[in-house]
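Residue-level structure breakdown
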Amino acid sequence: MTDTELLRFITTEDKEETGELFSRARAVREQHYGKAVYFRGLIEFTNYCKNDCYYCGIRCGNMKVRRYRLSLEQILRCCAAGDMMGFKTFVLQGGEDPYYTEEHIREIVQAIRRKFPYHAITLSIGEWKRESYEAFFRAGANRYLMRHETADGEHYARLHPTWQTLEARKQCLFDLRDIGYQVGSGFMVGSPFQKPQDLLEDLHFLQQLNPQMVGIGPFIPHADTPFAAYPAGTVELTLKMLALTRLLLPKTLLPATTALGTIDPKGREKALMAGANVVMPNLSPVGVRGLYTLYNNKICTGEEAAECLLCMQGRIHSCGFVPDMGRGDSLVALKTP
Ligand code: SAH
């Protein structure tokens, strides 16, 4: 597809055209992954963060959040509960919490690896130096999720304080890929000041990085951030970006995100119908779920993990797909070091 064609899809509101786009994306996904939808168990282990991303509810500048941190024992209990339910992938996500040194994270990864030798261990803990990423990898981490958020430098600067740069974030992603991680990047749709051209740049950047997974979700305002008064991204535009990503990176994994499920009760089902093939139910203890509030009205904060699992399996069946509790490795080849 040419840039002109991509921009046309990004901006069109023609239902027939977008319907066509979604079914093409669905066909490409089926060609590579069949009807399987893979599960990842998400463990949100800390909401402390030293960063100050203007869109995010757990930014350091938000004095109203009650902060929490899970102990290693709590994390291992979440993993064990997930394992009992059949999860083969754990995603450890958190703010950039200065309490955790490289050594700490290494110990957590090692402890999980010892108990679960065959599970995929995914980290989503932001920017570290290359040596730390290498240490986590040696300790047993296989995958790393870190969205680039927006691939346009000027736009990035409007979403973050000056000390957080797009260059640093991109460098981390290339380092992770070179080390041999299965890498997930991605971006928010409809974040403040975003232009169609920025979304085109997101697609270009993804083609350059060629990640194993791409997380795409709508921006949703959080009341205690500088972006409280900005409107959320739309379902339609998010679905179009998912479908275009599926067409440009046919073998990548695409999650149907919680954010999409938050702005539309059928958002995740619609994502599956537009090329998505992964879901990430929450395994965090119910007591802290409500505290990991990146945005307002986040769904699934009240249920136990087992309820979330059943609910997701039902949703997947309801739109003709098949829940798959395997590791769900990406078909995108790893960069060989
Ligand atoms: N500290 C980690 C994890 C960030 S939270 C890191 O730096 O990667 C995971 C993702 O939530 C972010 O990458 C961002 O894209 C998304 N997010 C944060 N605030 C959001 C909001 N207000 N609306 C929608 N998505 C948001």
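Here's a quick rundown of the structure. (Residues numbered from 1 in each chain as written. Predicted model: local features only at pLDDT ≥ 70, side-chain atom pairs only at ≥ 80, totals over all residues. Heavy atoms only, no water.)

Here we look at the sheet that holds strand E8 (residues 278-279)
- On the basis of which strands lie adjacent, the open sheet formed by three strands has the order E8-E1-E9 and parallel pairing. If you trace the sheet from one side to the other, it starts and ends with E8 and strand E9 (322-324), each paired once.
- The pairing of strand E1 (residues 36-39) with E9 spans three bridges and is classified as parallel. Residue pairing for E9: Val 37 is matched across the bridge by Pro 323.
- On the sheet, helix H13 (residues 305-318) packs against E1, E8 and E9 and is oriented at approximately 165° with respect to E1. (Pairing = 2+ DSSP bridges. Helix = DSSP H or I, 4+ residues; strand = E, 2+ residues; numbered from the N terminus. Contact = heavy atoms within 4.5 Å. Axes fitted to C-alpha atoms, helices over the stretch in contact; angles between N-to-C directions.)

Overview of the side chain of Arg 67
- If you trace the backbone, Arg 67 turns up in the loop between strand E2 (41-46) and helix H3 (72-85).
- Here Arg 67 is buried and forms no salt bridge, its nearest opposite-charge partner Asp 52 lying at an N-O distance of 7.4 Å.
- A polar contact is formed between the side chain of Arg 67 and the backbone oxygen of Asn 47, at a distance of 2.6 Å.
- Among the polar contacts listed, one links the side chain of Arg 67 to the backbone oxygen of Asn 62, at a separation of 3.0 Å.
- Discounting chain neighbours no more than four positions away, the residues touching Arg 67 are Asn 47, Tyr 48, Cys 49, Ile 58, Arg 59, Cys 60 and Asn 62. (Buried < 20%, exposed > 50% of the residue type's maximum accessible area, 1.4 Å probe, protein only. Lys, Arg positive; Asp, Glu negative; His and termini not counted. Salt bridge = Lys/Arg side-chain N within 4 Å of Asp/Glu carboxyl O. Polar contact = N/O pair within 3.5 Å; in protein donor to acceptor, adjacent residues only side chain to side chain.)

Remarks on the pattern of salt bridges
- Scanning the entire structure with this criterion turns up 18 salt bridges.
- Here Lys 129 and Glu 102 are joined by a salt bridge, their closest N and O atoms 3.7 Å apart. Pair noted here: Lys 129 is in the loop between strand E4 (120-124) and helix H5 (130-139) and Glu 102 is in helix H4 (residues 102-115), with a separation of 27 residues, a long-range link.
- The exposure class of Glu 102 is partly exposed, given its relative accessible area of 26%.
- For the salt bridge of Asp 178 with Arg 177, the shortest nitrogen-to-oxygen distance reads 4.0 Å.
- Bridged by salt links that share partners, the residues Glu 127, Glu 149 and Arg 169 form one connected network.

Comments concerning the sheet that holds E4
- Strand order in the open sheet formed by six strands is E2-E3-E4-E5-E6-E7, with parallel pairing between adjacent strands. The open sheet terminates on both sides in strands that have one partner only, identified here as E2 and strand E7 (213-218). Here the strands of the sheet are splayed against their neighbours by 20° on average, with no regard to which way each runs.
- As paired strands, strand E6 (residues 182-189) and E7 are joined by six bridges and run parallel to one another. Looking across to E7, one finds that Met 188 is bridged to Gly 217.
- Where helix H7 (residues 166-179) meets the sheet, it contacts strand E5 (143-145) and E6, and its direction lies at approximately 155° from that of E6.
- This element, helix H9 (residues 235-248), spans E6 and E7 of the sheet and lies at about 165° to E7.

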